[in-house]
Amino acid sequence: MAPPSEDPAGRPGGGILAVTGVGRPRGDPGAVLSGLLAQPPAPGAGGVALWGSRACRGSSLGRLRAMWNNITVCSLWRPSPSFMSSRIQTLTRLFIRNYKDFCKDRQTIWTLQNSLCQVMKKTVPTLKCNMFPRCFVSNKARYGQYTKTFPVLDGSIPSVCEHVFEENLRNSEACIQRYSELLCKVSKGGGENAILRHTQRNKKLLVRERLRMLLDDETFLELSPFAGFDLPYGDVPAAGCLTGIGKICGIWCVFIANDATIKGGTIYPISVKKQLRAQQIAIQNRLLSVYLVDSGGAFLPLQAELFPDESHGGRIFYNEAIMSAMKIPQVAVVCGSCTAGGAYLPTMAEETVIIDKIGTMFLAGPPLVKAATGEDISSEDLGGARMHSKVSGCVDHFASSEKEAYECVRNIILTLNYELPPEETLEYDDPLYSAEELLGLAPRGYSYTLHIKLILSRLIDGSRFQEFKAEYGTTLVTGFAHMEGHLVGIVANNGELTHDASLKGSHFVQLCSQRCVPILFLQNTAPHAPEPTSLSQAEDHTNRLKAQASMMAAVACAGVPKITLVIGGCYGNESYAMCGRSFDPNFLFLWPNARVALVDSRHISTFPQARDDDCIGDDSELKHLKEKLDEESSAFHSSARLWDDGIILPQNSRKVIAQCLTIMKQQKYQIASLQRYPVIRL
Ligand code: COA
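Residues numbered from 1 in each chain as written. Predicted model: local features only at pLDDT ≥ 70, side-chain atom pairs only at ≥ 80, totals over all residues. Heavy atoms only, no water.

Chemist: It is not clear to me how the site of the ligand should be interpreted in this structure. Could you clarify?
Modeler: Around the ligand sit 14 residues, and of these Arg201, Lys263, Gly296, Ala298 and Leu300 come closest. Between an oxygen atom of the ligand and a side-chain N or O atom of Lys263, the distance comes to 2.6 Å. Expressed as a share of its isolated accessible area of 860 Å², the protein-covered part of the ligand is 57%. Counting only elements with at least two residues in the shell around the ligand, the list comes to helix H7 (192–201) and strand S8 (337–339). Here the residues of the shell around the ligand sort into five nonpolar, six polar and three charged. (Near = heavy atom within 4 Å. Polar contact = N/O pair within 3.5 Å; in protein donor to acceptor, adjacent residues only side chain to side chain. Areas by Shrake-Rupley, 256 points an atom, 1.4 Å probe, with all protein chains shown as cover. Helix = DSSP H or I, 4+ residues; strand = E, 2+ residues; numbered from the N terminus. Nonpolar A, V, L, I, M, F, W, Y, C, P; charged D, E, K, R; others polar.)

Next comes the structure, spelled out in structure tokens:
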């Protein structure tokens, strides 16, 4: 039997755990309800369905809600005397007799859910279909039932817009050229000499070769490959470490792997930021983390920007403990010389493998020992694989080669006791329009924006869109669609975020949250709001501000996964309401044409006055400010600083978003229960 994919509220997140009924004989409520109250929910659990008047009433429900605070608790129907029919009483008794031993085991839950469905169908045939919670319908059926009936968008490009399309296309091609050049630079790591030193002298595999040995297949979502370019302290290709999400033994895992060809894998401030972001993604999406550690620790010339502050290097180790306590497993491989911070990271991991003659770990290496104590000691004796696996216990597994180490990691992952469902291939239709045309729709500037539905029709399954409030607040388009079979709520800019558009956005975001549907924000915010010139305009502005504030609150508090894709402008305050970085989307990507800034340089006509006197900055100051703003607004500037999770090509967007939706769904299949303490190495 296929596992349920949605709870009664329709959100992805697992099955119904229990049902309590009406008209039960005294004493029986204990069987199910007490079971629920006695133990916390499994993290994969999507919800509890309470059935009937007693269960849905008063203190039981209150207690359950308080305890299962992140789990949907809902009633299958509202208690009403008219439902106290003998049929339902029979049904309830039958159900309770069969399932009185509440059990958290997943298979039992599925069986329970399925059986309830059968029982209901047989016993209460007169109940209308819509009385059944939606999770009783399999994914495929649900897809067939709903998607094929969503209206199809007209994605044909009006001939009057062709010149805009051509301009956008030229701009996209130039941006993609820069994208390809940067990718080429990233692939060279620390350069030819460093690669030779790494492979010939140090006999190590390159970071991407390591990854290939670990992963099940080529499906790898690399995060922020352009991080570290053109920073005040120089270029640090890929921030000196590769991060991303790939599958091992069928499980999506976050990877954090040092690239030792870049200054010995030492950690720059941007490397810390990249690793912290990868850990945050692991935490938010509850993904197992694998660290391939090959790092000389802190890049010493920048130690002041690396060491003391809250989100500096130490935070990585803090997160390791917190993640372990959250039951997010972490496995490390020591696959190079790891000094200082490079030694803490594997020692803090739950299980660690070290590679003979390649992996070493110490707080200070042989040269420092010599300087401090005068003692000559080899790396192997000081902190080699044998020493750590036999004497110190800082590692748990000894591997005689890199291949053996990665096999060991796969074996460790097989012990995690993850119960994944059999791979389910969702049926879906491709969009009716070519993704290549997205290059001509990616706006080179705000005034080159075409209707957002042209973009939508090239991203979503079958170009089918169930629009919400189509006629109201039309500068924001909201509605439901599928991405490679995954249901998603879409919030897309189609002009300024006006008062009406913001209210509509708030309403729709709450709907998604209520139904537990992940949200995709397609962001293209307006570069500036016009200055009010009359009292009525000022009033409009105030109202718009209030409505935008509501939308921000709705977005911030929506308890569903969120993905933000910046397809054009990411400007000013409106970008917060559209789930900008500070609003914590699970993933945030940019198209290469995207512009990220508080204001658009093209809309500044005077130099801002900093003082009260009449001194206005001259033209050269204004020109300088515009150039600076222009440079700082580019998608590459943003990605270099990790304000996003990477730049993706418009034509790949659908694949990337669908992959993120699949990754985010994995957490519902973890069977681990909550615990408060990390695994501590003893
Ligand atoms: N800070 C700054 N630069 C460092 C560094 C550090 N902690 N560790 C290494 N580097 C630089 C080296 O100066 C060298 O730079 P170059 O290519 O411009 O000459 C580059 O990284 C590679 O180092 P190298 O020693 O030539 O490579 P390797 O592969 O033989 O060894 C290490 C790499 C990391 C094992 C070795 O350099 C080392 O042990 N470094 C000291 C680590 C340390 O003491 N860290 C303490 C952090 S608190």
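Chemist: Which parts of the structure should I look at to understand helix H9 (residues 269–285)?
Modeler: An α-helical turn contains 3.6 residues, so a residue and the one three or four places further along point in the same direction. If you check H9, its first and last C-alpha atoms are 24 Å apart, about what 17 residues at 1.5 Å a residue would give, namely 24 Å. For H9, a buried count of 13 out of 17 residues is recorded, marking the element as mostly surrounded by other parts of the structure. Looking one or two residues beyond H9, the residue adopting positive phi is Arg286, at roughly 50°. (Expected span 1.5 Å × (residues − 1). Buried < 20%, exposed > 50% of the residue type's maximum accessible area, 1.4 Å probe, protein only.)

Chemist: Looking at this structure, how should I read the state of the cysteines?
Modeler: As used here, a disulfide is simply a covalent bond connecting the sulfur atoms of two cysteines. Taken as a whole, this structure holds zero disulfides when the rule is applied. The structure places no disulfide on Cys253, whose sulfur is separated from the nearest cysteine sulfur, that of Cys249, by 7.9 Å. (Disulfide = S-S within 2.5 Å.)

Chemist: Is there a simple way to explain empty space enclosed by the protein in this structure?
Modeler: One simple way to see leftover space: roll a probe sized like a water molecule over the atoms. Under the counting rule described, the total for this entry stands at three cavities of 30 Å³ or more. Space inside the largest cavity adds up to approximately 40 Å³. Within the lining of the largest cavity, the residues separate by chemical class into three nonpolar, five polar and two charged. (1 Å grid on protein atoms, 1.4 Å probe; cavity = no way out; pocket = protein on both sides within 12 Å on 5 of 7 lines; lining within 4 Å. Points joined across faces, edges and corners; volume = space filled by probe spheres on them.)

Chemist: Could you clarify how one ought to interpret the pattern of salt bridges in this entry?
Modeler: Where side chains of opposite charge bring their charged atoms close, a pairing between them can arise. Summed over all chains, the structure comprises 24 salt bridges. The partner of Lys370 in a salt bridge is Asp376, with the nearest N and O atoms 3.5 Å apart. Lys370 gets classed as partly exposed once you look at its relative accessible area, which sits at 40%. Residue classification places Asp376 among the exposed residues on the basis of a relative accessible area of 65%. The partner of Glu467 in a salt bridge is Lys453, with the nearest N and O atoms 2.8 Å apart. Pair noted here: Glu467 is in strand S12 (residues 466–468) and Lys453 is in helix H17 (residues 452–456), with a separation of 14 residues, a long-range link. Classification of Glu467 as partly exposed rests on a relative accessible area of 23%. Bridged by salt links that share partners, the residues Lys204, Arg210, Asp294 and Glu402 form one connected network. (Salt bridge = Lys/Arg side-chain N within 4 Å of Asp/Glu carboxyl O.)

Chemist: So what exactly am I meant to see when it comes to the nonpolar core here?
Modeler: One broad trend across soluble globular proteins is that nonpolar side chains are buried collectively. Counting residues in hydrophobic clusters, the biggest one holds 77 residues, and the most contacted among them are Ile245, Ile460, Ile490, Leu520, Leu522, Leu565 and Phe587. The contact partners of Leu522, leaving out residues within four places of it in the chain, are Ile452, Leu456, Leu459, Ile490, Val491, Ala492, Asn493, Leu565, Ile567 and Met578. Listed in part, the 28 residues of the second largest apolar core include Leu214, Leu215, Cys253 and Leu288. (Core = buried A, V, L, I, M, F, W, Y, C linked by side-chain atoms within 4.5 Å. Contact = heavy atoms within 4.5 Å.)

Chemist: Whenever I open this one, the packing of helix H18 (residues 499–515) against helix H19 (residues 535–557) confuses me. Can you help?
Modeler: Think of two packed helices as two axes; the pair is described by the angle between the axes and how far apart they sit. Direction vectors running N to C along H18 and H19 enclose 15°, while the axes themselves pass 8 Å from each other. Overall, the two elements H18 and H19 adopt an arrangement that is roughly parallel. In terms of crossing hand, the pair formed by H18 and H19 is left-handed. On H19, the residues that touch His499, Ser502, Leu503, Gly505, Ser506, Val509 and Gln510 of H18 are Asn543, Arg544, Ala547, Gln548, Ser550, Met551, Ala554 and Val555. (Axes fitted to C-alpha atoms, helices over the stretch in contact; angles between N-to-C directions. Parallel < 35°, antiparallel > 145°, perpendicular 65-115°, else oblique. Left-handed = near helix turned anticlockwise from the far one by under 90°.)

Chemist: Would you take a moment to explain the sheet that holds strand S14 (residues 486–493) for this structure?
Modeler: The strands that make up a sheet pair up through hydrogen bonds in the backbone, lying either parallel or antiparallel. Across the sheet, six strands lie side by side as S12-S13-S14-S15-S16-S18; this open sheet has mixed pairing. Single-partner strands in this sheet number two, and they are S12 and strand S18 (587–590). When the angles between neighbouring strand axes are averaged without regard to direction, this sheet yields 20°. Here strand S15 (residues 519–523) runs beside strand S16 (residues 562–566); their pairing, made up of five bridges, is parallel. Opposite Leu520, over in S16, you have Ile563 as the bridge partner. Across the sheet, H18 touches S12, strand S13 (476–483), S14 and S15, and the angle it forms with S13 is around 30°. (Pairing = 2+ DSSP bridges.)

Chemist: I keep staring at the pairing of strand S6 (residues 288–293) and nothing clicks. Help me out?
Modeler: Consecutive side chains of a regular strand alternate in pointing toward one face of the sheet and then the other. The buried count for S6 comes to six of six residues, which makes it a mostly enclosed element. Where burial is concerned, the two faces of S6 agree: the one with Leu288, Val290 and Leu292 and the one with Ser289, Tyr291 and Val293 are both buried. Once the chain exits strand S5 (residues 251–258) it traverses H9 before rejoining the sheet at S6, and the crossover so formed is right-handed. Note on the crossover from S6 through helix H10 (residues 314–325) to strand S7 (residues 330–334): the handedness is right-handed. (Right-handed = clockwise from strand over helix to strand, strands pointing away.)

Chemist: Is there a simple way to think about H10 in this case?
Modeler: Compared with an ideal rise of 1.5 Å per residue, which puts 12 residues at 16 Å, H10 spans 17 Å between its outermost C-alpha atoms and is within 8% of the ideal. Within the span of H10, buried status applies to Ile316, Phe317, Asn319, Glu320, Met323, Ser324 and Ala325. Buried residues belonging to H10 abut H9, S6, S7 and helix H11 (341–348). Lys327 sits one or two positions beyond H10 and adopts a positive phi of about 65°.

Chemist: Hey, could you run me through a nonpolar patch on the surface in this one?
Modeler: A contiguous nonpolar patch, built from Tyr344, Met348 and Leu363 and spanning about 300 Å² of accessible area, is present on the exposed surface. Relative to the helices and strands, Tyr344 resides in helix H11. For Tyr344, a relative accessible area of 43% puts it in the partly exposed group. (Patch = residues over 30% accessible without salt bridge, like charges linked within 9 Å, V, L, I, M, F, W, Y side chains within 5 Å.)

Chemist: I would appreciate a short explanation of the pairing of S14 in the present structure.
Modeler: Burial within S14 is extensive, with eight of its eight residues counted as buried. Judged by which residues are buried, S14 turns out to be covered on both faces: His486, Val488, Ile490 and Ala492 on one side and Leu487, Gly489, Val491 and Asn493 on the other are all buried. Note: S13 against S14, eight bridges, orientation antiparallel. In the sheet register, Ala481 faces S14, and the bridge partner there is Val488. Chirality of the crossover, the property in question, places the unit of S14, H18 and S15 among those that are right-handed.

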